[in-house]
Amino acid sequence: MASSLTTSPGTSGSEKTFLGHPMGLAFLFMTEMWERYSFYGMRALLVLYLATNVADGGLGMNDATAVAIYSVYNAMVYLLALPGGWLGDRVWGARKAVAVAGVVIMAGHFLLAVPAQASFFIGLALIAAGSGVLKANISTMVGHLYSDKNDPRRDGGFTIFYMGINLGAFVAPLTIGWVGQQVNWHLGFAMAGVGMALGLIFYFIGFRFLNAESSRVPSPLDAAERSVLVKKALIWLGVAGAAYAIIGLAGLFTIDWALWPLTILGLVLPAWYLLRIKRDKDLTPVEQGRMSGYIWFFVAAAVFWAIYDQTGSTLSLFAKDDTQSTLFGFSFPESWFQSLNPLFVMALAPLFAMMWVALFKRDKEPSTLSKFAGALVLIGGSFGVMMIAQGMAAGDAKVSPMWLVSVYFIQTVGELCLSPVGLSLTTKLAPAKYASQMMGVWFLAVTAGDSVIALLQLIGAPTDTQAWFASQGVLAAVAGVAIFMYRKKVKALMGGVH
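In what follows, the accompanying structure is described. Note that this is a predicted model, so its numbers are computed, not measured.

**Examining a nonpolar patch on the surface**
- A contiguous nonpolar surface patch, about 410 Å² in accessible area, is contributed by Phe110, Val194, Leu198, Ile201 and Ile205.
- In terms of residue count, helix 7 (residues 185-205) provides more of the nonpolar patch than any other element does, four residues in total.
- Inspection of the secondary structure assignment puts Val194 in helix 7.
- On the basis of relative accessible area, Val194 is assigned to the partly exposed category, the value being 43%.

Encoded structure:
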């Protein structure tokens, strides 16, 4: 980690810095990089492990169940970001929340390393819970490093932090994926646990460089609130525990008894939360209109993420079953395809940032609505490519890996049109009363999208057909065209936000 004793903008006197930024950024960068390493490394193996025959060390599940488990897991990570943010704001403070979350994630990965099905699913639940809490709080701590919200280094600091995310996501499948597939599945999962352990070491070493604000609980619970919440939590846990005990004792329990409730929760909760904010009587007429406009963007994002997040599920299975695992005479495991997206993000993100600035200076930058529409058309087009590839993989034929390379490239371009824009737009359209919570609402679009895919798998929709890719591709493209056609109507609801 490079550091220098220099005087930087927004600092007083000479202090140790990291690339001109507060030194705490270096340790948060390393924590997030290793946490993402563990997260994406495990995720690169997840569906492949679930769908691999028991004789080959996997769990031997059918493809539909494997995709449903993956989708529900991913949905829960983003759903739990909401209570994760609440824990940071009202119970622990961001610093303690990240520490607890990191330990929970590490424990979850090491449970996956135990060759027992029960420990595997307990570990998966722990990783989802820990990731949701960590995701909601570590970015907040980066912001705390810059006491002055107008500090010119602030955006640059988040850019460096974002690169740490993608660096971890890029390296993880190349290492954890290779070990898991070529050596031993559970050793691969253990490597993810070691990655999180390294992240925690950097985090604890860097405590003294973090802003004291990160330890503060912004809005602590009073004794009465705490008592009510504990009672409600115990009641719901008791009801759930009793229900599943009865189901288990009756010999009726299957994985569907876990997947169905979580899938329904992932669909109902985002809709309820949006409706709750939209109907809040404290909102001004302008804020009400902005929320109506935001719902268009939320639905569009849910459609986008429903397709995008299949990179680790249906596309992984396509890579395993229908794609050649050699290129220019070099053989590689299917999990390596998961490194393409972060690689493309690191290569293209700076170019996109420069392109938007150049277009803005010429008064030709596309509107937010146009960017969203373009992202949906691109993600739809990527599944159009997949439809063709699926058709070419009929029978025992396997297609060139370049088909998947092109799909990941198209999807990354779409992501760069939608994801940063969506985050920015969420902060602009957020009602003042819900300024902090709206970032969690944005993540709920991922939950909703992944839950739709889980639902389709639970009702038996086959993923290895051209119809699977064609139907979703057309839906996304039509949604993109609809947003573009109705852009004036949506713009009118945005209350002057551009």
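**Regarding the side chain of Glu32**
- Position of Glu32 relative to the elements: it lies in helix 1 (residues 24-51).
- It turns out Glu32 is buried and unbridged, and the closest side chain with the opposite charge, Arg36, is 4.1 Å from it.
- When neighbours within four sequence positions are excluded, Glu32 is seen to be in contact with Leu134, Ile138, Phe161 and Ile165.

**Remarks on helix 6 (residues 154-182)**
- Relative to the 42 Å expected for 29 residues at 1.5 Å per residue, helix 6 spans 42 Å between its end C-alpha atoms, a close match to the ideal helical length.
- The largest bend in helix 6 comes to about 35 degrees, at Ala172, with the proline Pro173 one to four residues further on.

**Looking at the packing of helix 13 (residues 368-392) against helix 16 (residues 466-485)**
- Running from N to C, helix 13 and helix 16 cross one another at 160 degrees; their axes reach a closest spacing of 7 Å. Here helix 13 lies roughly antiparallel to helix 16, going by the angle between them. For the element pair helix 13 and helix 16, the recorded crossing hand is left-handed. Judged by residue contacts, Leu369, Ser370, Ala373, Leu376, Val377, Ile379, Gly380, Phe383, Met386, Met387, Gln390 and Gly391 of helix 13 engage Gln466, Trp468, Phe469, Ala470, Gln472, Gly473, Ala476, Ala477, Ala479, Gly480, Ile483 and Phe484 from helix 16.
- Taken together, the residues of the contact of helix 13 with helix 16 sort by class into 16 nonpolar, eight polar and no charged.

**Notes on the nonpolar core**
- Core analysis: the biggest nonpolar cluster contains 110 residues, and Met42, Tyr73, Phe120, Phe189, Tyr294 and Trp305 have the highest contact counts within it.
- Apart from the residues within four sequence positions on either side, Tyr294 is in contact with Leu274, Thr426, Leu429, Met438, Val441 and Trp442.
- Core analysis: the next-biggest nonpolar cluster, separate from the first, contains 30 residues, Leu87, Ala94, Ile105 and Val133 among them.

**As for the side chain of Arg153**
- Summarising the element assignment, Arg153 is placed in the loop between helix 5 (117-144) and helix 6.
- Separated by 3.1 Å, the side chain of Arg153 and the backbone oxygen of Gly20 make a polar contact.

**Description of the environment of Met30**
- Inspection of the secondary structure assignment puts Met30 in helix 1.
- On the basis of relative accessibility, which here comes to 13%, the residue Met30 falls in the buried class.
- Between the C-alpha atoms of Met30 and Ala51, which are 21 residues apart in sequence, the distance is 33 Å.

**Digging into the pattern of salt bridges**
- Tallied over the full model, the rule gives five salt bridges.
- Here Glu213 and Arg216 are joined by a salt bridge, their closest N and O atoms 2.8 Å apart.
- A relative accessible area of 41% places Arg216 in the partly exposed class.
- One salt bridge in this structure joins Lys371 and Glu365, with 2.7 Å as the shortest N-O distance.
- You can call Lys371 buried: its relative accessible area is 9%.
- Glu365 gets classed as partly exposed once you look at its relative accessible area, which sits at 31%.

**Some details on the packing of helix 9 (residues 256-278) against helix 10 (residues 285-308)**
- The interhelical angle for the contact between helix 9 and helix 10, taken along N-to-C directions, is 160 degrees, at an axis separation of 10 Å. The angle between helix 9 and helix 10 places the two elements in the roughly antiparallel class. In this structure, the crossing between helix 9 and helix 10 has a hand that is left-handed. In this structure, helix 9 contributes Pro270, Leu274, Ile277 and Lys278 to the contact, and helix 10 contributes Gln288, Met291, Ser292, Tyr294 and Phe298.
- In terms of residue class, the contact of helix 9 with helix 10 is made up of six nonpolar, two polar and one charged.

**A few points about unusual backbone geometry**
- Here Phe328, not a glycine, exhibits a phi torsion of approximately 55 degrees, which is positive.
- Among the secondary structure elements, Phe328 is positioned in the loop between strand 4 (326-327) and strand 5 (330-331).
- Non-glycine residue Asp363 carries a positive phi angle of around 60 degrees.
- For Asp363, the position within the fold is in the loop between helix 12 (340-361) and helix 13.

**Topic: the packing of aromatic side chains**
- Throughout the structure, instances matching the rule amount to 27 aromatic pairs.
- Where Phe39 meets Tyr40, the ring centres are 5.1 Å apart and the plane angle is 85 degrees; that geometry is what we call edge-to-face.
- Classification of Phe39 as buried rests on a relative accessible area of 1%.
- Geometrically, the ring pair formed by Phe332 and Phe337 is edge-to-face, given 5.5 Å between the ring centres and 75 degrees between the ring planes. The exposure classification of Phe332 matches that of Phe337, with both residues buried.
- Ring pairs connect the aromatic residues Tyr49, Phe120, Phe121, Trp185 and Phe189, which therefore count as one cluster.
- It is Lys135 that lies over the ring of Phe443; its NZ or CZ is 5.7 Å from the centre.
- One Lys or Arg, Arg276, reaches over the ring of Tyr273 and ends 5.6 Å from the middle of that ring.

Procedures and definitions
Residues numbered from 1 in each chain as written. Predicted model: local features only at pLDDT ≥ 70, side-chain atom pairs only at ≥ 80, totals over all residues. Heavy atoms only, no water. Patch = residues over 30% accessible without salt bridge, like charges linked within 9 Å, V, L, I, M, F, W, Y side chains within 5 Å. Areas by Shrake-Rupley, 256 points an atom, 1.4 Å probe, with all protein chains shown as cover. Salt bridge = Lys/Arg side-chain N within 4 Å of Asp/Glu carboxyl O. Helix = DSSP H or I, 4+ residues; strand = E, 2+ residues; numbered from the N terminus. Buried < 20%, exposed > 50% of the residue type's maximum accessible area, 1.4 Å probe, protein only. Lys, Arg positive; Asp, Glu negative; His and termini not counted. Contact = heavy atoms within 4.5 Å. Expected span 1.5 Å × (residues − 1). Bend = angle between axes of the 7 residues up to and from the residue. Axes fitted to C-alpha atoms, helices over the stretch in contact; angles between N-to-C directions. Parallel < 35°, antiparallel > 145°, perpendicular 65-115°, else oblique. Left-handed = near helix turned anticlockwise from the far one by under 90°. Nonpolar A, V, L, I, M, F, W, Y, C, P; charged D, E, K, R; others polar. Core = buried A, V, L, I, M, F, W, Y, C linked by side-chain atoms within 4.5 Å. Polar contact = N/O pair within 3.5 Å; in protein donor to acceptor, adjacent residues only side chain to side chain. Phe/Tyr/Trp six-rings, centres within 6.5 Å; stacked < 30°, edge-to-face > 60°. Lys NZ or Arg CZ within 6 Å of the ring centre and 35° of its normal.

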